[in-house]
Amino acid sequence: RIPDERWESQKSNIRHLYLVENKPLEGENGVIDTMGMNHDFSASKAQYETRLKKWGFRKYATKDEWCTIDHILDMREDKGKPSEVHLHGELLTDEKIRKERRR
């Protein structure tokens with residue numbers, strides 16, 4: 001078991017690798033691999049998945065979240081207001097928003 005303090009000390013590194021650099025959790029140069037090699041932090045895939053869920057670190061939005069985003073953007077567009085979409089702490093590009101709204 002890895003103490004919470006150890007997880008918290010590596011939280012920003014894990015977030016950066018997983019969300020900003022968009023690395024997969026497993027595999028060569030994945031988050032688990034990189035954290036083990038560069039930060040002397042070893043945890044199982046299940047431990048990472050549990051911690052990512054606890055922190056709310058997700059790469060993708062749910063269908064319900066996109067429906068809500070689409071509805072809000074429609075209302076703002078009707079009022080002529082510009083909008084930025086931040087999802088899970090990250091600013092989404094206009095292209096990403098257009099792609100997801102077309103679904």
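That block above? That's the structure.
Residues numbered from 1 in each chain as written. Predicted model: local features only at pLDDT ≥ 70, side-chain atom pairs only at ≥ 80, totals over all residues. Heavy atoms only, no water.

By secondary structure assignment, the location of arginine 76 is in helix 4 (residues 63-78). Assessed through its relative accessible area of 30%, arginine 76 is described here as partly exposed. Here arginine 76 is in contact with Lys81, Pro82 and Ser83, once residues within four sequence places are set aside. (Helix = DSSP H or I, 4+ residues; strand = E, 2+ residues; numbered from the N terminus. Buried < 20%, exposed > 50% of the residue type's maximum accessible area, 1.4 Å probe, protein only. Contact = heavy atoms within 4.5 Å.)

The next thing to look at is unusual backbone geometry. Located in the positive-phi region is asparagine 29, a residue other than glycine, with phi close to 65 degrees. Positionally, asparagine 29 belongs in the loop between helix 1 (4-20) and helix 2 (31-39). Accessibility expressed as a relative area gives 41% for asparagine 29, which makes it partly exposed. A positive phi angle, close to 50 degrees, is found at aspartate 40, a residue other than glycine. Topologically, aspartate 40 is positioned in the loop between helix 2 and helix 3 (45-55). For aspartate 40, a relative accessible area of 62% gives the class exposed.

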